[in-house]
Amino acid sequence: MRRPFIAGNWKMHGSRAQNAELIEGLLLGLPGQVPVDIAVCPPNVYLWEVGRLLKDSIVKLGAQSCCAESIGAFTGEASAAMLKDVGCTYVIVGHSERRTIYREDDALVARKFLAAQAQGLIPILCVGETLEEREKGQTMQVVSRQLKAVLDVAAPGALQQAVLAYEPVWAIGTGKNATPEQAQAVHAHIRAEVAARDANIAARLQVLYGGSVKAGNAKEIFAMPDVDGGLIGGASLKADEFLKICAAAQAH
Ligand SMILES: O=C[C@H](O)COP(=O)(O)O
């Protein structure tokens, strides 16, 4: 049985005061133990402080990206070792906003995945198609290509220490979530692709859905057999909303 996982991707939102209020609200609403893995991914500049606020709680810290290089003259970047050093457990790689706005291609995403794992971070690898690709019937092909780019360079077994997130680009921040059936179809495809290489790893792999998940639609999406939780953007910025999403994952 896979544990559900809810990760909040704060993107470029927050301030020291807002973060403190959000974390206080989350911790007040969470009992000591819940049968759900929970993480928040603040902007890098706040990682250390949010990590202190989370200390000894069940909520883990994640970053939103990492540099593929380990050290050197890479202005504006943060290495996986630095993220580990400030207390991160997870790092998102291949988010569609990075792929699109910052032109990160499959090969770079794969290098970031390796860099993260080399430092003991758990990468949350995002895959997903654009609206145009979906309308052309290319969804599975795109997701397979994005996944293959990583699997081809990672060591066998690398997905034992990784999380996958299916994020249809057309559903991100648009209020238009994939239907539970659309999500399930892609999640099942992802698991089958992984199973073709290692069935045991596929059976244990957490595959999250991301794209306009809210308290109101979380339960039906998480009820799908291959959906193991969510990567939550906008709805992770309000403690009560995020807590309801965590509760929906728990009920599953
Ligand atoms: O990383 C999170 C996803 O991009 C989803 O964002 P959203 O929940 O605001 O649609």
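Residues numbered from 1 in each chain as written. Predicted model: local features only at pLDDT ≥ 70, side-chain atom pairs only at ≥ 80, totals over all residues. Heavy atoms only, no water.

Give a detailed account of helix α1 (residues 16-29), specifying residues and quantitative values.
Between its terminal C-alpha atoms α1 stretches 20 Å, which fits the 20 Å expected from 14 residues at 1.5 Å a residue. Buried residues along α1 sit in contact with β2 (37-41), α2 (47-54) and α11 (239-251). (Helix = DSSP H or I, 4+ residues; strand = E, 2+ residues; numbered from the N terminus. Expected span 1.5 Å × (residues − 1). Contact = heavy atoms within 4.5 Å.)

How would you sum up the UniProt feature "binding site: substrate" (unreviewed entry) in the protein chain? Please name residues and give values.
As annotated in UniProt, the feature "binding site: substrate" (unreviewed entry) corresponds to Asn9, Trp10, Lys11, Gly173, Ser212, Gly233 and Gly234 in the numbering used here. These annotated residues cover 226 residues of sequence, and their C-alpha atoms lie no more than 13.8 Å from one another, placing them together at a single site. Inspection of the secondary structure puts tryptophan 10 in the loop between β1 (5-9) and α1. Examined against the element boundaries, serine 212 turns out to sit in the loop between β7 (207-209) and α10 (215-222). You can call serine 212 buried: its relative accessible area is 14%. If sequence neighbours within four positions are ignored, serine 212 has contacts with Ala171, Gly173, Thr174, Gly175, Lys176, Asn177 and Asn217. A polar contact is formed between the side chain of serine 212 and the backbone oxygen of alanine 171, at a distance of 2.7 Å. (UniProt positions renumbered as here; feature names shortened; annotations may be inferred. Buried < 20%, exposed > 50% of the residue type's maximum accessible area, 1.4 Å probe, protein only. Polar contact = N/O pair within 3.5 Å; in protein donor to acceptor, adjacent residues only side chain to side chain.)

How would you explain the pattern of salt bridges if you had to name every residue and give the values?
Applying the stated rule across the entire model yields 15 salt bridges. Aspartate 228 serves as the salt-bridge partner of arginine 2, at 2.8 Å between the closest nitrogen and oxygen. Placement of arginine 2 in the segment before β1 and of aspartate 228 in the loop between α10 and β8 (229-232) is noted, with a sequence separation of 226 residues between them. You can call aspartate 228 buried: its relative accessible area is 5%. A salt bridge links arginine 3 to aspartate 37, with the nearest nitrogen and oxygen atoms 2.7 Å apart. Taken together, the positions of arginine 3 in the segment before β1 and aspartate 37 in strand β2 put the pair 34 residues apart, joining distant regions of the chain. Residues joined by salt bridges that share partners form a network here, namely Arg2, Arg191, Asp226 and Asp228. (Salt bridge = Lys/Arg side-chain N within 4 Å of Asp/Glu carboxyl O.)

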